[in-house]
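Close look at the chain arrangement
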Amino acid sequence: MKKRFISICLGAAMLLSLTACNEKKKTEEVPELLETTVTNESYRTVERGNVGDVVTIPARAVPRSYGQFYEKALAISEIYVDIGDHVEKGDKLASADTEDIDNQLENLNKQKEDLEDQIEEVKDCSWLKREKLGYEKKACEELGDTEGANAKEKEIETEIENADYSVRSLEKSLESVKDDIDKALAEREKMILYASHSGYVTYKMNMVEGNVRNSYENVVMISDYDDVYIEADGVSLQKFGKYRSADRMETIYNGKTYTVTEDVYSSSANSYASATEKYPRVRFKVEGTEIKLGDVIPIFVYMYYHENVLRVGNDSIRNDGNSKYVFVETEEGGMEKRTVEVGYSDSIYTEILSGLEEGENVYYLSDSMKPSKYSEITVGRSDYVQCNYTNIYEYLSTNADVYSTPESGTFMDYAVAGNKYVESGEPLFSVKVKISEAQLLEQKQIIEQTRKQHEASVKDYNERLEQLDREISEAENAPVPAATDTDALRDSKYKKEKLQIEKELIEIEAANEEKSYENTIEELEKDYNKYRNIADNDDILTVYSKRAGIVRLADMNQYGYWEYELNAAMSLLSIEYGDEDKLLVKAQPSAASSDENNYTKKKYLPRPGTKIYLTDDSKVYTGICTANIGDNPDDKIYYMEEWDGHTYITTCPANIYHNIGTGYFISLDDEATPVNDKQMTVYYEVMNVKNAVVIPTDAIYSEKKAGSNNFNYYVWLKKDDSFVKQYVVYNPDYSGLGDSLILEGLEEGDIIALENKEVER
């Protein structure tokens, strides 16, 4: 009796502790026992089963996605595709602002054209000079002046050498300019995004939020719905590291259990992720079945898993300091203390290596008792489905034009208001550009000086050409000099031909000077006229809408830009244009969890391809998630790709559409569009386990684990003619509409107690 009294006192102490826990459990909506008593008369049968704690990782079948990004920060000028569009590999997706590089190419092409003209000029002029020297040599030869002829031949050779040298130098400069052009063209080509893969557009940056993208930030994301893999929700490669040595990973799909393995990245990709500290979500493969796009499945991870071993509950194991023992029911109904050898223990069970036989009854220390009023129910199987709901959604357009300051200056005023409709060609905002009369006068003087220099050159060329025309005319009728005057006689030979060559040389020079002048004066006048027009408008430069639409982000006062100096190309507002045919749904916020291993708490966004439901009282519409609006601020996603021998890690920065910062786009299967003014509910599955063990939540009870803030869960299971405390593997997050998913501990056909709760009147 003395030992019995000590045992009951120990049970009473546990009762006081657990009663306090039960007070806390009320706030967690855990079913309470109607009464609790202390007893050591409870026992369970020694059975075979599995030992090993489980961590549940929600996962979803998603399409393989391909980021479309720039490798340096750029301002995006236009996006040519929209959410939901199908694109082929090589299609043009977007373009960055190419104004600077276009100006560079324009200047380089002018240099190229000028060098090409110079080369042709050197060649043409050299040919004409050689032709003239040829006439002079011929004259010497006709007069028998061998020495003079040889001298002229040397001049011809020198001219050829000089011309060749000049041409080679110019050609070298030309090749350098061509290289610069090729580099600039290649750089410009990099500023245009082409689809790296065929698929659907499942992400697009919102130009309303600004048009700048940093390196490796996706402008567009393309997803291939025919290439599906399993992705964990919220578990990165880094977080998954502690589970990589797990004894077992499995899932339940269509009522069957399948082995799960990690779909590993290459070692180089993993090294790159580690070096950059940017870890993508872990991927899985399910062996023996094909998971369909959008399916949601739980991944059960057992760090240690001892299958089909002899086991007893931890509450049956005692320890006297030297050995572990249990109390076994004797045939006479008494208790026998028996030493046992134990193996691995999880939070509920302990593996028995020796000391017990299957079918024996062992006592367990319990302060719990079945409800005094209950019904017996038989455990069955059904589909367990859990959904995420919201009723906040909006139809909108995802197309926008960005308007920036055309010149550096002071922001003056808006001509439009935010969220208001504007027609094409309406004034949007004004910038005061400081243009002084002194600057304009200086530019004008340069133009006048350039024009006068050109006019003087033209006059000089014309005078020289007129003089040559007179000399050519005179040469036709000039008398032959006396034979004694050798120099005069030599100079008179082929005089007309030589003068004609001189005329051609001057004409070439004049033509090139004219072309150079036209290019120069055009640029000078263009700049002058632009700033002259601004100055004539009181230094005010106004920007006009190029397309009709809704003005967004127009109130610059809140950003402190009023009468503030702004740099050129700074975006000030956007105009959202096009049909409001995109249905955006706002996602509900994630639930908080202090347990970093509880991955089921957060409400992760559906990924592209997830089936979506939208319903009112009369009809259910179905569709799919077509796109996300960007990273969840609480869970940044990194996308890792490997191609062309390189590893790229990209992100999809969050977008905000009309104050919706976390959400997803959906496309409905039905042609009919839900009525906008009718309240509807949107939902999608976050868990779907078919043919699973599902029982009423009221049949589940909890007790705090020793030395932990976590709980074990149990039911009252009928064995023979009595009920025993049966632990179950259960996650409170997988409860809904009165039913809960049981992962382990019950079988179809088991009978459990369901508390009959009294209804207050």
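Residues numbered from 1 in each chain as written. Predicted model: local features only at pLDDT ≥ 70, side-chain atom pairs only at ≥ 80, totals over all residues. Heavy atoms only, no water.

With that settled, the discussion passes to the overall build of the protein. If you tally the helices and strands in the protein, you get 8 helices and 43 strands. Burial status across the protein gives 43% buried among its 761 residues. Contacts in the protein between residues at least 24 apart in sequence constitute 79% of all its contacts with a sequence separation of at least 6. Within the structure as shown, the protein displays about 39800 Å² of accessible surface, and the carbon and sulfur contribution to it stands at 46%. (Helix = DSSP H or I, 4+ residues; strand = E, 2+ residues; numbered from the N terminus. Buried < 20%, exposed > 50% of the residue type's maximum accessible area, 1.4 Å probe, protein only. Contact = heavy atoms within 4.5 Å. Areas by Shrake-Rupley, 256 points an atom, 1.4 Å probe, with all protein chains shown as cover.)

Moving on to the pattern of salt bridges. The final tally for this structure, using the stated rule, is 44 salt bridges. Put simply, Asp-82 and Lys-204 hold a salt bridge, and the shortest N to O gap is 3.3 Å. Taken as a pair, Asp-82 in the loop between β4 (74-79) and β5 (86-87) and Lys-204 in strand β8 (residues 199-204) lie far apart in primary sequence, 122 residues in all. For the pair shown, Asp-82 and Lys-204 are each scored as buried. Salt-bridge contacts for Asp-536 lead to Arg-532; the nearest nitrogen and oxygen are separated by 3.1 Å. Note that Asp-536 and Arg-532 are positioned in helix α8 (residues 495-536) at a spacing of 4 residues, about one turn of the helix. Assessed through its relative accessible area of 52%, Asp-536 is described here as exposed. (Salt bridge = Lys/Arg side-chain N within 4 Å of Asp/Glu carboxyl O.)

Centre distance and the angle of the planes are the two values used to describe a pair of aromatic rings. Across all of its chains, the model carries 23 aromatic pairs by this definition. Here the aromatic rings of Tyr-414 and Phe-429 are separated by 6.2 Å at their centres, their planes lie at 75 degrees, and the arrangement is edge-to-face. Placement of the pair is Tyr-414 in strand β25 (residues 409-414) and Phe-429 in strand β27 (residues 427-432), with a sequence separation of 15 residues. Classification of Tyr-414 by relative accessible area gives buried; the value is 13%. An aromatic cluster is present here, built from Phe-69, Tyr-216, Trp-643 and Tyr-648 joined pairwise through their rings. Its end group placed over the ring of Tyr-364, Arg-44 keeps NZ or CZ at 3.9 Å from the ring centre. Note that Arg-547 overlies the ring of Tyr-577, its terminal NZ or CZ placed 4.0 Å from the centroid. (Phe/Tyr/Trp six-rings, centres within 6.5 Å; stacked < 30°, edge-to-face > 60°. Lys NZ or Arg CZ within 6 Å of the ring centre and 35° of its normal.)

To continue, consider the sheet that holds strand β7 (residues 192-194). Strands sit in the order β7-β6-β4-β9 across an open sheet of 4 strands; the sheet is antiparallel. Of all strands in the sheet, those bounded by a partner on one side alone are β7 and β9 (212-213). (Pairing = 2+ DSSP bridges.)

Moving on to the packing of helix α6 (residues 437-477) against α8. Interhelical geometry of α6 versus α8 gives an angle of 165 degrees and a closest axis separation of 9 Å. One finds that α6 runs roughly antiparallel with respect to α8. You can see that α6 and α8 cross each other, and the crossing is left-handed. When the residues that make up the contact of α6 with α8 are grouped by side-chain class, the tally is 18 nonpolar, 6 polar and 18 charged. (Axes fitted to C-alpha atoms, helices over the stretch in contact; angles between N-to-C directions. Parallel < 35°, antiparallel > 145°, perpendicular 65-115°, else oblique. Left-handed = near helix turned anticlockwise from the far one by under 90°. Nonpolar A, V, L, I, M, F, W, Y, C, P; charged D, E, K, R; others polar.)

The next subject is the confidence of the model for the protein. Within the protein, residue pLDDT values average 86, and 89% of them lie at 70 or more. Looking across the protein, the model is least confident in helix α1 (residues 2-25), with a mean pLDDT of 34, and most confident in β5, with 97. (pLDDT = per-residue confidence, 0-100.)

Moving on, we get to the sheet that holds strand β24 (residues 399-404). Read from one edge of the open sheet, 4 strands run β24-β31-β29-β26, paired in antiparallel fashion. Only two strands of the sheet have a single neighbouring strand rather than two, namely β24 and β26 (421-422). Direction of pairing for strand β29 (residues 549-552) relative to strand β31 (residues 571-577): antiparallel, over a ladder of 3 bridges. When the sheet's bridge partners are listed, Ile-550 is paired in β31 with Glu-576.

The next point concerns the environment of Arg-547. Residue placement: Arg-547 occurs in the loop between β28 (540-544) and β29. Separated by 30 residues in sequence, Arg-547 and Tyr-577 have C-alpha atoms that sit 7.3 Å apart. What Arg-547 contacts, discounting residues up to four positions off in sequence, is Glu-78, Asp-401, Tyr-403, Ser-424, Ile-575 and Tyr-577. Separated by 2.7 Å, the side chains of Arg-547 and Asp-401 make a polar contact. (Polar contact = N/O pair within 3.5 Å; in protein donor to acceptor, adjacent residues only side chain to side chain.)

Another aspect to go through is the side chain of Lys-498. Structurally, Lys-498 is set in helix α8. For the buried Lys-498, no salt bridge is present, and the opposite-charge side chain at shortest range is Glu-136, 4.7 Å distant. Reaching out from Lys-498, the side chain makes a polar contact with the backbone oxygen of Lys-493 at a distance of 3.5 Å. Excluding its chain neighbours within four sequence positions, the residues that come into contact with Lys-498 are Lys-132, Tyr-135, Glu-136, Arg-490, Asp-491 and Lys-493. (Lys, Arg positive; Asp, Glu negative; His and termini not counted.)

Turning next to the nonpolar core. Among the nonpolar cores identified, the biggest contains 32 residues, and Ile-79 and Val-219 are the most heavily contacted of them. Sorting the residues of this core by element identifies β4, β6 (92-96), α2 (99-142), α3 (146-190), β10 (220-236) and β24 as the ones contributing at least two each. Top element by residues in this core is α3. It accounts for 6 residues. Once residues within four sequence positions are removed from consideration, Val-219 is found in contact with Gln-68, Tyr-70, Ile-76, Ile-79, Ala-94, Leu-193, Tyr-203, Lys-204, Met-205 and Arg-213. (Core = buried A, V, L, I, M, F, W, Y, C linked by side-chain atoms within 4.5 Å.)

Attention now moves to α6. Compared with the 60 Å implied by 1.5 Å per residue over 41 residues, the 60 Å span of α6 between its first and last C-alpha is a close match. Of all the residues in α6, the buried ones are Leu-440, Ile-447, Thr-450, His-454, Tyr-461, Leu-465, Leu-468, Ile-472 and Ala-475. Against α8 lie the buried residues of α6. (Expected span 1.5 Å × (residues − 1).)

Attention now goes to the pairing of strand β34 (residues 620-628). For a regular strand, side chains alternate in direction, first toward one face of the sheet and then toward the other. Two strands pair when backbone bridges link them, and strand β33 (residues 611-615) and β34 are joined in this way by 5 bridges, in the antiparallel orientation. Following the sheet pairing, Leu-614 is matched in β34 by Tyr-621. What sits between the antiparallel neighbours β33 and β34 is a turn of 4 residues. Strand direction decides the pairing type here: β34 and strand β37 (residues 663-668), joined by 5 bridges, are antiparallel. Its bridge partner lying in β37, Ala-627 is registered against Phe-665.

With respect to the helices and strands, the residue Asn-688 is situated in strand β38 (residues 681-696). Here Glu-685 takes part through its side chain, which lies 3.0 Å from a polar atom of the side chain of Asn-688. Apart from the residues within four sequence positions on either side, Asn-688 is in contact with Val-296, Tyr-384 and Val-385.

Moving on: unusual backbone geometry. Even without being a glycine, Asp-539 presents a positive backbone phi close to 65 degrees. Its location among the elements puts Asp-539 in the loop between α8 and β28. By relative accessible area, Asp-539 is classed as buried at 16%. The backbone of Asp-644 shows a phi angle near 55 degrees, a positive value even though the residue is not glycine.

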